[in-house]
Amino acid sequence: MLVILGFAMIAVFMVLIMTKKLTPVLALIIVPTVFGLFAGAGLGIGDMVMDSMKSMTSTAALLMFAIIYFGLMIDVGLFDPLVKFILRKLGNDPAKVVLGTAILAAAVSLDGDGSTTFILTTAAMLPVYLRLKMSPVVLTCVAGLANGTMNILPWGGPTARAATALKIDVNDVFVPMIPSLVAGLVVVFAFAWLLGLQERNRLRATAPEIWSVPDTAEEFDGGSPAGAAGTGVGIGRRKGGNPGGAAPAVDGFPAGSSVAVLERNDTATENGGAGLADTALDPNRSTLRPKLFWFNLALTVVVMVVLVANVIPLPFVFMVGAAIALLVNFPKVKDQGAQLIAHAPSIVAVVSMVMAAAVLTGVLKGTGMVEAMSAWLVQIIPSSMGPFMAVITGVLSIPMTFFMSNDAFYFGVLPVLSETAAHYGVGAADMARASITGQPFHLQSPLVPAILLLVSLAKVDLGDHHKKVLWRTAVISLVMLGVGMLTGAIGIG
């Protein structure tokens, strides 16, 4: 009964958020509560949830003050020069921007911390997406793909957990999986390019008269349009203002156009940019603090260094950083309050989701659903499939690490699977390597605080993120598993 209730609870939760029948917060609260009561939790369900919530408070504090800090840095203009630099290097071709997002996220993921990766990637790339009128869901999808794939690094956590649980050396787990990691990244970059092409086509379809590339660079104010060479794509502002005879609405573009107005020179960008009005990149926003640019940059570098060094608890790092940033950039109490209020919607969204996730994890653990589901999965594997236990473990790691913590899977489920596999000649190292292939999928779980931070910073609905990212991460996990089998890193007994 616990097995049925556990899988049913998860299925109902996913259906409700992906069909948008309930917000993730309400689904995380209501669904586990109902199923927990059916499982016989009774009045004890409150203690289950509160025990789980205690472990979530530091995470909630981290996400809250990280949102305040980076939201403030965007407001004061710290990332505006970076946006200009990225646009100059990548142009304004959506395909190149999305591919650049994947490369950046993969590179930053080398530090092994998902929150850091998503903070830096979103801070650098979200303003670019907003400026080009690209979908932020694409950003969260690509960042999630890259970070999830890189999460098998030895210092990322899962690989070390698998090695510890099975009492083997971590290098014996990771090194043979390097070809799988490379293959996974290739698939990530391929998905990023295809998503970028889809965005390019979407924008071109929205305003086809603007997407026609002029015969000469002189037709554009700022010279050659980015992306024109070899792509057949360009976004710019035609001289004369009125493209294709359409009625001018904003700087010569048709009213309602979803294509960004991109001035091709710094002067135009700094002085105008009507296409950026009422966005986080409005060049005339009152919160800009150009005279404090170097202070804000230095403060951010210090925060990042301390964060990566992990010498001080991360929530406290962002608490102090946000306090200093607010005090220096907005010395008046009234302005400080206004800044906190401005970022309140994002804070409420992510913190409430973290707290609500405690209901799901508390019910899963407190009622015994997790243990029952794990034991059932082990029992239903027929003896004839015994030699393929490593492969089975790799496949099981995809859904199981999505609905339970890495600690629960690697310390609770993997040892049982490995002991069973040993009877069929499948080594512990093979089992450990197979078990980490589900990490790209795991990182998209609503139980992972980093992914909640990502969707909150990008102001993306978790259900929309899941619809775009889940099947792609499943493909990446299966590719990594397949490459591991082909290279012999994941053997068959």
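Residues numbered from 1 in each chain as written. Predicted model: local features only at pLDDT ≥ 70, side-chain atom pairs only at ≥ 80, totals over all residues. Heavy atoms only, no water.

*Asks:* Describe the overall build of the protein, listing the residues and the values that go with them.
*Replies:* Per the secondary structure count, the protein includes 24 helices and two strands. Expressed as a percentage of its 493 residues, the buried residues of the protein come to 55%. For the protein, the proportion of contacts with a sequence separation of at least 24, taken over those separated by at least 6, is 76%. Surface summary for the protein: the accessible area is close to 19800 Å², and the carbon and sulfur share equals 68%. (Helix = DSSP H or I, 4+ residues; strand = E, 2+ residues; numbered from the N terminus. Buried < 20%, exposed > 50% of the residue type's maximum accessible area, 1.4 Å probe, protein only. Contact = heavy atoms within 4.5 Å. Areas by Shrake-Rupley, 256 points an atom, 1.4 Å probe, with all protein chains shown as cover.)

*Asks:* Any chance you could break down helix α7 (residues 114-132) for me, citing the residues and the numbers?
*Replies:* In this model, α7 (19 residues) spans 26 Å end to end at C-alpha, consistent with the 27 Å of a helix rising 1.5 Å per residue. Of all the bends found along α7, the most pronounced is centred on T122 and spans about 35°. Following α7 by one or two positions, K133 has its phi on the positive side, about 60°. (Expected span 1.5 Å × (residues − 1). Bend = angle between axes of the 7 residues up to and from the residue.)

*Asks:* Residues and numbers for the pattern of salt bridges, please.
*Replies:* This structure, assessed with the given rule, holds five salt bridges. Residues D51 and K54 are paired through a salt bridge, measuring 4.0 Å at the closest nitrogen-oxygen approach. Linking D51 with K54, this pair stays in helix α3 (residues 45-54), spanning three residues, or about one helical turn. Ionic pairing is found between E199 and R202, a salt bridge with its closest N-O pair at 2.9 Å. Taken together, the residues span about one helical turn, with E199 and R202 both in helix α11 (residues 178-206) at a distance of three residues. (Salt bridge = Lys/Arg side-chain N within 4 Å of Asp/Glu carboxyl O.)

*Asks:* Tell me what's going on with the layout of surface pockets, and back it up with residues and numbers.
*Replies:* Its boundaries defined by the atoms lining it, the largest pocket holds a volume of some 1200 Å³. In terms of lining, the largest pocket is formed by 44 residues, of which the most central are R161, S405, D407, L447 and P449. Counted by class, the lining of the largest pocket contains 18 nonpolar, 20 polar and six charged residues. (1 Å grid on protein atoms, 1.4 Å probe; cavity = no way out; pocket = protein on both sides within 12 Å on 5 of 7 lines; lining within 4 Å. Points joined across faces, edges and corners; volume = space filled by probe spheres on them. Nonpolar A, V, L, I, M, F, W, Y, C, P; charged D, E, K, R; others polar.)

*Asks:* Outline the packing of helix α4 (residues 57-75) against helix α23 (residues 449-457), listing residues and values.
*Replies:* It is at 11 Å that the axes of α4 and α23 come closest, and there the two elements cross at 25°. Our classification of the angle between α4 and α23 gives roughly parallel. Relative to α23, the crossing made by α4 is right-handed. Of the residues in α23, those in contact with T59, L63 and I67 of α4 are P449, L453, S456 and L457. (Axes fitted to C-alpha atoms, helices over the stretch in contact; angles between N-to-C directions. Parallel < 35°, antiparallel > 145°, perpendicular 65-115°, else oblique. Left-handed = near helix turned anticlockwise from the far one by under 90°.)

*Asks:* Summarise a nonpolar patch on the surface; cite the residues concerned and give the values.
*Replies:* A contiguous nonpolar surface patch, about 730 Å² in accessible area, is contributed by F295, V311, I312, F316, M319, V320, I324, L327 and V328. Take the nonpolar patch: its biggest share by element is six residues, from helix α15 (residues 314-329). Among the structural elements, V328 can be located in helix α15. (Patch = residues over 30% accessible without salt bridge, like charges linked within 9 Å, V, L, I, M, F, W, Y side chains within 5 Å.)

*Asks:* Pulling in residues and values, what's your account of the confidence of the model for the protein?
*Replies:* Low-confidence regions, as indicated by low pLDDT, have predicted coordinates that should not be scrutinised in detail. In this model, the protein carries a mean pLDDT of 77, and residues with pLDDT of at least 70 account for 81%. Predicted confidence is poor over residues 212-279, with pLDDT under 50, and the contacts of this stretch with residues over four places away or in other chains come to 130 contacts. (pLDDT = per-residue confidence, 0-100.)

*Asks:* Lay out the side chain of R433 in plain terms, naming residues and giving numbers.
*Replies:* Mapped onto the elements, R433 comes out in helix α21 (residues 428-435). By relative accessible area, which is 12% here, R433 ends up buried.

*Asks:* Summarise α15; cite the residues concerned and give the values.
*Replies:* Along its 16 residues, α15 runs 22 Å from first to last C-alpha, staying within 8% of the 22 Å computed at 1.5 Å per residue. Buried residues of α15: L314, P315, V317, F318, G321, A322, A325, L326 and N329, and no others. Each buried residue of α15 lies within a common arc of 155° when the element is viewed along its axis, so the set occupies one face. (Arc of directions from axis to C-beta.)

*Asks:* Please provide a residue-by-residue account of the packing of aromatic side chains, values included.
*Replies:* Ring pairs (aromatic) are described by centroid distance and by the angle formed between their planes. What the rule picks out here adds up to four aromatic pairs. Seen in terms of ring centroids, F293 and W294 are 5.1 Å apart; in terms of plane orientation they differ by 80°. Their pairing is edge-to-face. Ring centres of F402 and F441 lie 5.1 Å apart, and the angle between their planes is 55°; on these two criteria the pair is classed as tilted. One end of the pair, F402, is in helix α19 (residues 389-403); the other, F441, is in helix α22 (residues 439-442), and 39 residues separate them in sequence. With a relative accessible area of 13%, F441 lands in the buried category. (Phe/Tyr/Trp six-rings, centres within 6.5 Å; stacked < 30°, edge-to-face > 60°.)

*Asks:* Could you give an account of the side chain of T437, with specific residues and numbers?
*Replies:* In this structure, T437 sits in the loop between α21 and α22. Using a relative accessible area of 1% as the deciding quantity, one classes T437 as buried. There is a polar contact of 2.7 Å between the side chain of T437 and the backbone oxygen of A434. (Polar contact = N/O pair within 3.5 Å; in protein donor to acceptor, adjacent residues only side chain to side chain.)

*Asks:* Break down the environment of A349 for me, with residues and values.
*Replies:* Of note, A349 is situated in helix α17 (residues 344-366). When its relative accessible area of 33% is taken as the criterion, A349 is described as partly exposed. Along the backbone, A349 and L457 are 108 residues apart, and their C-alpha atoms lie at a distance of 9.9 Å. Those residues within four positions of A349 in sequence are excluded, and the remaining contacts are V25 and S456.

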